[in-house]
Amino acid sequence: MKIVRFDALDAPVIGYLHDDHDRLVAHKTRPAILICAGGAYRWLSPREKDPVALRFSALGYQAFLIDYAVGERAGELRPLRQLAEAVRLLRENAEDWHIEPEHIAVLGFSAGGHLAASLGTLWQRIELMLAYGCKPDALVLCYPVITAGELAHRESLDYVSGGDERLRELMSLEKRVTSAMPPTFLWHCVGDESVPVENALLLAQAMQRAGVDYECHLFAGGAHGISVCTQEVETPDPAAAPWFELCTSWLNRQFQYTP
C-alpha cells in the first residue's frame, strides 16, 4: 500500500493505492473510486472521508479523496471544475497508479452527492468547459442533494450557486439528466429530515425517463450523514448499513471486477 497526493485546480487529493506485485497476476490494474464528502458545501465531513476510502481500499479499489472548495470558494462552479480535473488526472496517471482508466467511479455523500451527480449530468456541457475525459464510468450517490426546487437543501444550493440564480437553476440536477449520464447507484433514508428523500426520488424518476442504468435503494429511518453506518463513524444504523455491500456488489458487476 502506498499513498499519493496531488492537486486538482487547488483541491488536494489523496489516494490509497495498492502496489503492483509480480505475484499478483490477476490485479495488475484495479478500478478506482473518487470520494466526495458531504457538508452542505460549507465544510467536509470527516466521517465521509477516510472510513469510506479505507473500506473500498480493503476490497481492492484504488481509493481517492478530494477536498473540493467549500464555503465562499464553492461558487462559480469551482468544486465541479476541481472534480472534473481530478477524474482527468486519474486517467492521465492510470498506468503509474495501476488504475483501469475505463473503470473510475465517483462517490458522493449529501452535498458531495450533489457534486458527483453534477459531474455525471453536466460533463458533456460544452459551455462549461470542464476537463477533457472527465466523465465518470459510474456514480454512487448517498443521500444526495439534487433539486434546487421546493425540496432543496437551501444551504447547499446557496453555497454552490454563490447567490447566482442562473447557477442555482443549473444545479437543479433532476432537470439535467440525459441518456449520457453514467450508470448510477443511489440510496437514501425515507425519513431524512435534512435532505428530503424526494431528492433521490426526483433523480430516480429522471433517470428512468432518460433510460439511464441505475439501482436505487430506500431505507427505513431518518438519519442523515450516516456514512458507512458503523460505530467507527458514530452513526450505527443497522437498517441502512447494507447499502455498502449492495453498492460494492453493483460496482463489481459494472466493472466486471472480482476482488
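Our subject is the structure listed above.
Residues numbered from 1 in each chain as written. Predicted model: local features only at pLDDT ≥ 70, side-chain atom pairs only at ≥ 80, totals over all residues. Heavy atoms only, no water.

A. Region of interest: the side chain of T121. Its place among the elements puts T121 in helix α3 (residues 111-122). A polar side-chain atom of T121 sits 2.8 Å from the main-chain carbonyl oxygen of A117. Contacts of T121, omitting those with residues within four sequence positions, involve L173, R176, V177 and M181. (Helix = DSSP H or I, 4+ residues; strand = E, 2+ residues; numbered from the N terminus. Polar contact = N/O pair within 3.5 Å; in protein donor to acceptor, adjacent residues only side chain to side chain. Contact = heavy atoms within 4.5 Å.)

B. Summary view of the sheet that holds strand β6 (residues 138-142). Taken together, the eight strands give an open sheet; going across it, the order is β1-β2-β4-β3-β5-β6-β7-β8, and neighbouring strands pair in mixed fashion. Only two strands of the sheet have a single partner each, and these edge strands are β1 (2-8) and β8 (214-219). Neighbour-to-neighbour, the strand axes of this sheet turn through a mean angle of 15 degrees, independent of strand direction. Judged from the four bridges that link them, strand β3 (residues 30-36) and strand β4 (residues 62-66) form a sheet pairing that is parallel. When the sheet's bridge partners are listed, L34 is paired in β4 with F64. Set on the sheet, helix α7 (residues 243-255) makes contact with β3, β5 (99-109), β6, β7 (184-189) and β8; between it and β6 the angle comes to about 170 degrees. (Pairing = 2+ DSSP bridges. Axes fitted to C-alpha atoms, helices over the stretch in contact; angles between N-to-C directions.)

C. Highlighting helix α2 (residues 78-92). Helix length check: α2 (15 residues) gives 21 Å between terminal C-alpha atoms against 21 Å at 1.5 Å per residue, within 8%. Every buried residue of α2 is accounted for by P79, L80, Q82, L83, A84, E85, A86, V87, L89 and L90. Where α2 is buried, its residues touch β1, β2 (11-17), β3, β4, β5 and α3. (Expected span 1.5 Å × (residues − 1). Buried < 20%, exposed > 50% of the residue type's maximum accessible area, 1.4 Å probe, protein only.)

D. Layout of the environment of E85. Position of E85 among the secondary structure elements: in helix α2. When its relative accessible area of 15% is taken as the criterion, E85 is described as buried. A C-alpha to C-alpha distance of 24 Å links E85 and K175, two positions 90 residues apart in sequence. In contact with E85, other than residues within four places in its own chain, are A8, L9 and A131. In terms of polar contacts, E85 uses its side chain to reach the side chain of R88, at 2.8 Å.

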